[in-house]
Amino acid sequence: LLSMATAKPSFGEDNDAVPTDGSVGPIVDPFVGNVKNYVVSPVEYEGPPVRGHLVFNASFEGGNLGRVDSISEFEYDLFIRPDTCNPRFRVWFNFTVANVKSEQRVIFNIVNFSKTKSLYREGMSPLVKSTSRPQWQRIPPKSVFYYRCPEHHKNYIMSFAFAFDNEEDVYEFAYSYPYTYTRLQRYLDRIKARRLDFFKCEVLCVSVQQRPLYLVTIASPQNLEDSRCKVVFVTARVHPGETPSSYVCQGLIDFLISGDPAAKILRDNIVFKIIPMLNPDGVFLGNYRSGNLINIFACCCVSVLVYMTVLLVAYREFGRMCFGGV
């Protein structure tokens with residue numbers, strides 16, 4: 001049901017990573033609500049687990065899977081864990097499956113989506129990778145079905161068929177391409193190590209769970225002292241499940257710090273203020289739309305949070321701004 005090309009092992013590099021730079025305080029069991037190495041045996045089976053009894057896990061950074069029900073030997077109902085402190089949102093999923101049997105065929109039904117409109121209705125399909133094939137690939141759309149189901153309170157369900165082909169592999173499935181908070185930290189660290197005179201990364205404030213909220217400044221050094229210089233303000237990941245925005249934001253940063261002549265012209269004439277991850281707690285916890293908000297705005301809704309963040313940056317920089325969002 002799925003053909004995957006062979007590649008070198010590089011699986012799950014972000015999965016078990018927790019920031020360890022000393023800026024994050026102790027967090028007790030941050031993945032509460034996710035399944036953790038949960039063995040699912042067929043209905044009416046008695047005895048110890050054997051090869052082919054799938055083991056589900058979402059207890060890692062960005063993971064989300066709250067419950068698994070075995071419908072038959074070949075079919076499983078999967079339940080998304082609702083967003084932290086907001087049960088209305090159930091969209092993002094990211095989990096692994098282990099203890100598979102070669103040529104084992106399954107049907108996964110994700111049964112509690114909260115959205116009626118979805119790109120899954122327009123041909124988008126979930127992503128999969130495995131230990132020996134670490135590049136994300138989309139499951140063929142012909143194996144994916146998105147529909148309203150009366151047996152599950154008329155919720156929309158996304159079902160997909162899949163065949164496991166390597167008993168030694170751990171398989172990972174995701175709603176969209178994951179981009180974790182730890183990945184962002186590693187990316188920014190690599191740039192800082194280059195000591196570019198037109199790149200600055202600082203901590204704007206911290207989240208409720210004490211994760212730094214990074215503010216990136218890109219501009220020619222002389223512009224930083226010129227209050228007349230125009231400022232472009234860009235934010236990404238206010239909604240943690242909108243992972244493509246992180247790739248867009250990283251691409252923007254890569255271009256602005258490059259040797260491209262157009263990038264140099266931009267640096268010489270504009271100051272770029274970029275917050276690449278506005279909701280780090282929501283990203284870390286595997287939420288779709290919600291998250292623990294920044295300490296100083298903990299009681300604000302997300303739209304107010306964005307506005308207040310802009311004001312905070314403006315207060316720090318005393319500059320004129322034109323606004324952009326990713």
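Quick caveat: nothing in here was measured; it's all calculated off a predicted structure.

**Here we look at the packing of helix H1 (residues 181–192) against helix H2 (residues 244–256)**
Here H1 crosses H2 at 0°, and the two axes come no closer than 12 Å. If you check the angle between H1 and H2, you find them roughly parallel. Counted together, Arg 183, Tyr 187 and Ile 191 of H1 and Tyr 247, Gln 250, Ile 253 and Asp 254 of H2 form the full contact between these two elements. Broken down by class, the residue content of the contact of H1 with H2 amounts to four nonpolar, one polar and two charged.

**Side note on the confidence of the model for the chain**
Scored by pLDDT, the chain has a mean of 82; 79% of the residues are at 70 or more. Here strand S16 (residues 321–325) stands out as the least confident element of the chain, with mean pLDDT 45; strand S11 (residues 171–174) is the most confident, with 98. Counting interchain partners and residues more than four positions distant, the pLDDT-below-50 stretch residues 293–304 has 24 contacts. With pLDDT under 50 throughout, residues 318–325 is counted as low confidence; its partners more than four residues away or in other chains account for 18 contacts.

**A closer look at the packing of aromatic side chains**
A complete count under the given rule lists 27 aromatic pairs for this structure. With 6.5 Å between their ring centres and 80° between their planes, Phe 164 and Phe 173 make a pair best called edge-to-face. Neither residue differs from the other here; Phe 164 and Phe 173 are each classed as buried. Over the face of the ring belonging to Phe 79 we find Arg 67, whose NZ or CZ atom lies 4.0 Å from the ring centre. When the ring centre of Phe 284 is taken as reference, the NZ or CZ atom of Arg 211 above it lies at 3.8 Å.

Reading guide: rules and limits
- Residues numbered from 1 in each chain as written.
- Predicted model: local features only at pLDDT ≥ 70, side-chain atom pairs only at ≥ 80, totals over all residues.
- Heavy atoms only, no water.
- Axes fitted to C-alpha atoms, helices over the stretch in contact; angles between N-to-C directions.
- Helix = DSSP H or I, 4+ residues; strand = E, 2+ residues; numbered from the N terminus.
- Parallel < 35°, antiparallel > 145°, perpendicular 65-115°, else oblique.
- Contact = heavy atoms within 4.5 Å.
- Nonpolar A, V, L, I, M, F, W, Y, C, P; charged D, E, K, R; others polar.
- pLDDT = per-residue confidence, 0-100.
- Phe/Tyr/Trp six-rings, centres within 6.5 Å; stacked < 30°, edge-to-face > 60°.
- Buried < 20%, exposed > 50% of the residue type's maximum accessible area, 1.4 Å probe, protein only.
- Lys NZ or Arg CZ within 6 Å of the ring centre and 35° of its normal.

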